[in-house]
Amino acid sequence: MNIQISVIIWTVICFVALMLILRNLLFKPLLDVMDKRSERLENARKKKAEIEESIREHDEKIAKQQVQYLENQKREVAEKLVEIQEDSKDAVARAKKKRITDVEAFRVATKEECEKAVSNVSANAKNIAEKFAGQIIAR
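First, a word on scope: everything that follows refers to the structure included in this document. (Residues numbered from 1 in each chain as written. Predicted model: local features only at pLDDT ≥ 70, side-chain atom pairs only at ≥ 80, totals over all residues. Heavy atoms only, no water.)

1. Let's talk about the overall build of the protein chain
Part 1 of the argument: Assigned secondary structure in the protein chain consists of one helix and zero strands.
Part 2 of the argument: Its C-alpha atoms give the protein chain a radius of gyration of 58 Å, more than 25% over the compact-globule value 14 Å for 139 residues.
Part 3 of the argument: The dimensions of the protein chain, computed from C-alpha atoms along their principal axes, are 195 × 25 × 20 Å.
Part 4 of the argument: Residues classed as buried in the protein chain amount to 0% of the 139 residues present.
Part 5 of the argument: In the structure as shown, the protein chain presents an accessible area of about 13,400 Å², 63% of it carried by carbon and sulfur atoms. (Helix = DSSP H or I, 4+ residues; strand = E, 2+ residues; numbered from the N terminus. Rg over C-alpha atoms; globule rule 2.2 N^0.38 Å. Buried < 20%, exposed > 50% of the residue type's maximum accessible area, 1.4 Å probe, protein only. Areas by Shrake-Rupley, 256 points an atom, 1.4 Å probe, with all protein chains shown as cover.)

2. Section: a negative patch on the surface
Part 1 of the argument: Together, Glu76, Glu79, Glu83, Glu86, Asp87 and Asp90 give the surface a local cluster of negative charge.
Part 2 of the argument: Mapping aspartate 87 onto the fold places it in helix α1 (residues 5-138).
Part 3 of the argument: Residue aspartate 87 is classed as partly exposed on the basis of its relative accessible area, which comes to 44%. (Patch = residues over 30% accessible without salt bridge, like charges linked within 9 Å, V, L, I, M, F, W, Y side chains within 5 Å. Salt bridge = Lys/Arg side-chain N within 4 Å of Asp/Glu carboxyl O. Lys, Arg positive; Asp, Glu negative; His and termini not counted. Charge placed at Lys NZ, Arg CZ, Asp CG, Glu CD.)

3. Considerations on the environment of glutamate 104
Part 1 of the argument: Among the structural elements, glutamate 104 can be located in helix α1.
Part 2 of the argument: Given a relative accessible area of 37%, glutamate 104 falls into the partly exposed group.
Part 3 of the argument: It is 41 Å that separates the C-alpha atoms of glutamate 104 and glutamate 76, two residues lying 28 residues apart in sequence.

4. Examining the pattern of salt bridges
Part 1 of the argument: Tallied over the full model, the rule gives six salt bridges.
Part 2 of the argument: Across the pair arginine 56 and glutamate 60 runs a salt bridge, and its minimum N-O distance is 2.4 Å. Of this pair, arginine 56 and glutamate 60 both sit in helix α1, four residues apart, which is roughly one turn of the helix.
Part 3 of the argument: What makes arginine 56 partly exposed here is its relative accessible area of 37%.
Part 4 of the argument: Glutamate 60 sits in the partly exposed class, given a relative accessible area of 38%.
Part 5 of the argument: Residue aspartate 102 pairs with lysine 98 through a salt bridge whose shortest N-O separation is 3.1 Å. Taken together, the residues span about one helical turn, with aspartate 102 and lysine 98 both in helix α1 at a distance of four residues.
Part 6 of the argument: The class of lysine 98 is exposed, set by a relative accessible area of 51%.

5. Notes on a nonpolar patch on the surface
Part 1 of the argument: A cluster of nonpolar side chains, namely Ile3, Ile8, Val12, Phe15, Val16, Met19, Leu20, Leu26, Phe27, Leu30, Leu31 and Met34, defines an oily patch on the protein surface of about 1,100 Å² accessible area.
Part 2 of the argument: Relative to the assigned elements, leucine 20 resides in helix α1.

Right, here's the structure in full:
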């Protein structure tokens, strides 16, 4: 086995030339594509994080609006309940007042009827007494 220096030198030169050609034509474009892809993936991850943050903020905003809406509804219902209770109290007071007025009117009417009945009974008793006294005297 003979070692030929010229073959080794040409092999090294061909290998270095092949590496330079591959670096310029294959490795450099391939690394550029991979860097661009990595950059796009990183941008996509950032955009995804921004969108998720935006969605979370939106959800929180909606939740706050729902809570505020429910609190407003609760307050409105409480106000309506108070209003209804006041109306009920007023209605009860009016009913009591009307009942008292009706009872008083009935009492006055009954008293007047009693007085009329007493005066009628007195007049009838007087007439009967006069007739009876007249009949007694006439005998």
